[in-house]
Number of protein chains: 2
Amino acid sequence: MLAVSTANTKQFQHMFPVEVSTVISILTRTPDVIKGLVADLDETWLHAREEEGTWSPHEIVAHLIFGEQTDWIPRMQIILSDQENKTFTPFDRNGHFQIASGRSIEALLHQFEELRKENIHILLAADVTIDDLRKTGIHPAFGPVTLGQLLSSWVVHDMTHIYQISRIIAKQYEVEVGPWKEYMGILNR
Amino acid sequence: MLAVSTANTKQFQHMFPVEVSTVISILTRTPDVIKGLVADLDETWLHAREEEGTWSPHEIVAHLIFGEQTDWIPRMQIILSDQENKTFTPFDRNGHFQIASGRSIEALLHQFEELRKENIHILLAADVTIDDLRKTGIHPAFGPVTLGQLLSSWVVHDMTHIYQISRIIAKQYEVEVGPWKEYMGILNR
């Protein structure tokens, strides 16, 4: 598996350089994609997990909200600011549990949609140039990271959680599909 | 990896038995989810692949169309019919290339949406009972399979391709994310 993975990385290196317009186009659609995956889903499925200690679709939406509040845009603002200390506040991977607690999925989806809209607005207003994409902040674990890395990670982070929700849904029918399991990549990772 | 996978399977066995209402609720939303992921995506991304020999988002939508035309509902109809020979026609995994060829993503998304609507209609009209879910047809590779297995596979198949499209999009920024790659499950399978 690792060998294949390395080969792919080489083959596709720098396939697409990060462009703010593409980032915005993808980030804009995520709330609808997530809503399509989870709105009106049975309550039992909303709280289903792949395994103990992993997140449910309901918690993933809360995590996306928390990211909008504390991660992507606040870090962009640190990078683009004139402040001396550009170290990011560490992201709290448990920060969303309080957001999720006792709230309906509709309320969470609505909040995510609104926050994402506001953040896209802030990103647009920042009028990020190619030079800006090379500016850096200090990630608490990685050290210096560029704005381009931050923005492309925001997109990939959305994809990671779309991928996770689709996996959680598929997982609930892992036994029900019977022999078809063999053909379903999502059940055979 | 295999050991973990087996453990999960045991833990979640028969978590949710297949129910037609849930199947319909999930299948109904897939066209919107796919549209959210690919509509207005840059042309280069629509034709991007994870690696040689795998499908692009554009081809995946065509494959979903081909499934609506030749796979799920036609097989359900064989299972529920009175015909003696209940062997399914083998599914052509290359059948979608002709559908994809020269067509815009908008045309493909529209066709998928329409076919899915019609098929949900046929599924609703079939008024499938719990007894029906146990009826069988003959899969060309697996032998006897039940209608319940077919319908849950239809759902998991949708999820497999949502998961695949989110992976293809993420892959394009594999290098751009820099050190964040380590945190992105979707880039570290």
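In this text the structure is predicted, and so the values were computed from the model without any measurement.

Caption draft 1: The arrangement of the pairing of strand 1 (residues 136-139) of chain A in detail. All names here are of chain A. The side-chain alternation of strand 1 yields one buried face, formed by G137 and H139, and one unburied face, formed by T136 and I138. Judged from the 4 bridges that link them, strand 1 and strand 2 (residues 143-146) form a sheet pairing that is antiparallel. The partner of T136 across the bridge, within strand 2, is T146. Taken together, strand 1 and the strand that follows it, strand 2, pair antiparallel across an intervening segment of 3 residues.

Caption draft 2: Molecular detail of a negative patch on the surface. Together, A:E19, B:D40, B:D42, B:E43 and B:E106 make up a region of like negative charge exposed at the surface. Examined against the element boundaries, B:D40 turns out to sit in the loop between helix 2 (20-38) and helix 3 (43-46).

Caption draft 3: The relation of the copies chain B and chain A, seen in detail. Superposing chain B onto chain A takes a rotation of 180° plus a shift of 0.0 Å along the axis, which leaves an RMSD of 0.0 Å. Such values leave the two copies arranged in the relation of a two-fold axis. Interface residue correspondence from chain B to chain A reaches 100%, placing this contact among same-surface, isologous pairings.

Caption draft 4: Representation of the packing of aromatic side chains in the model. For the structure shown, the criterion picks out 11 aromatic pairs over all chains. Centre to centre, the rings of A:F66 and A:F91 are 5.4 Å apart; their planes meet at 55°, and the pair counts as tilted. A residue pair is termed long-range when its members are at least 10 positions apart, and A:F66 in helix 4 (residues 57-70) and A:F91 in the loop between helix 5 (72-80) and helix 6 (96-100) qualify at 25 residues. Under the relative-accessibility criterion, A:F91 is labelled partly exposed at 23%. With a centroid separation of 4.9 Å and an interplanar angle of 0°, the aromatic rings of A:Y163 and B:Y163 are classed as stacked. On the criterion of chain membership, the pair formed by A:Y163 in helix 9 (residues 147-171) and B:Y163 in helix 9 (residues 147-171) is interchain, its members lying in two chains. There is no split in this pair, since A:Y163 and B:Y163 are both buried. The rings of A:F142, B:W180 and B:Y183 are connected pair by pair, giving a single aromatic cluster.

Caption draft 5: Up close: the pattern of salt bridges. Scanning the model with the defined rule gives 22 salt bridges over all chains in all. The salt bridge partner of B:E174 is B:K181, with a shortest N-O separation of 2.8 Å. The class for B:E174 is buried, based on a relative accessible area of 5%. A residue is classified by how much of its surface remains accessible, and B:K181, at 22% relative accessible area, is partly exposed. Sharing partners across several salt bridges, the network here consists of A:E68, A:R116 and A:D158.

About the cut-offs
Throughout this description, residue numbers start from 1 for each chain and increase along the sequence as written. As they are written, the chains are lettered A onward and the ligands numbered 1 onward, keeping that order. Whole-chain, interface and lining totals are the exception, using all residues; otherwise, since this is a predicted model, local features are given only for residues with pLDDT of at least 70 and side-chain atom pairs are given and counted only at 80 or more. Hydrogen atoms and water are omitted, and side-chain values are computed over all heavy atoms in the structure. Exposed residues in this analysis have more than 50% of their type's maximum accessible area, buried residues have under 20%, and partly exposed residues fall in between, with area computed by a 1.4 Å probe over protein chains only. Segments assigned H or I by DSSP are reported as helices when at least four residues long, segments assigned E as strands when at least two residues long, and all are numbered from the N terminus. At least two bridges found by DSSP between two strands are what make those strands a pair. The patches reported here contain residues having more than 30% relative accessible area and no salt bridge. Joining distances are 9 Å for like charges and 5 Å for nonpolar side chains (Val, Leu, Ile, Met, Phe, Trp, Tyr). In this description, accessible areas are obtained by the Shrake-Rupley approach with a 1.4 Å probe, and a residue is regarded as covered only by the protein chains that are shown. For this analysis, a salt bridge means a side-chain nitrogen from Lys or Arg found within 4 Å of a carboxyl oxygen belonging to Asp or Glu. Counted as positive: Lys and Arg. Counted as negative: Asp and Glu, with His and the chain ends omitted from the count. Throughout, a charge is located at the NZ atom of Lys, the CZ atom of Arg, the CG atom of Asp or the CD atom of Glu. Our superposition of the copies is a least-squares fit, built on the C-alpha atoms of residues whose pLDDT is at least 70 in both. Here a residue-residue contact requires only that any non-hydrogen atoms of the pair lie within 4.5 Å. Each aromatic pair joins two rings of Phe, Tyr and Trp (for Trp, the six-membered one) with centres within 6.5 Å, and gets the label stacked for planes under 30 degrees apart, edge-to-face for over 60, and tilted for any other angle.

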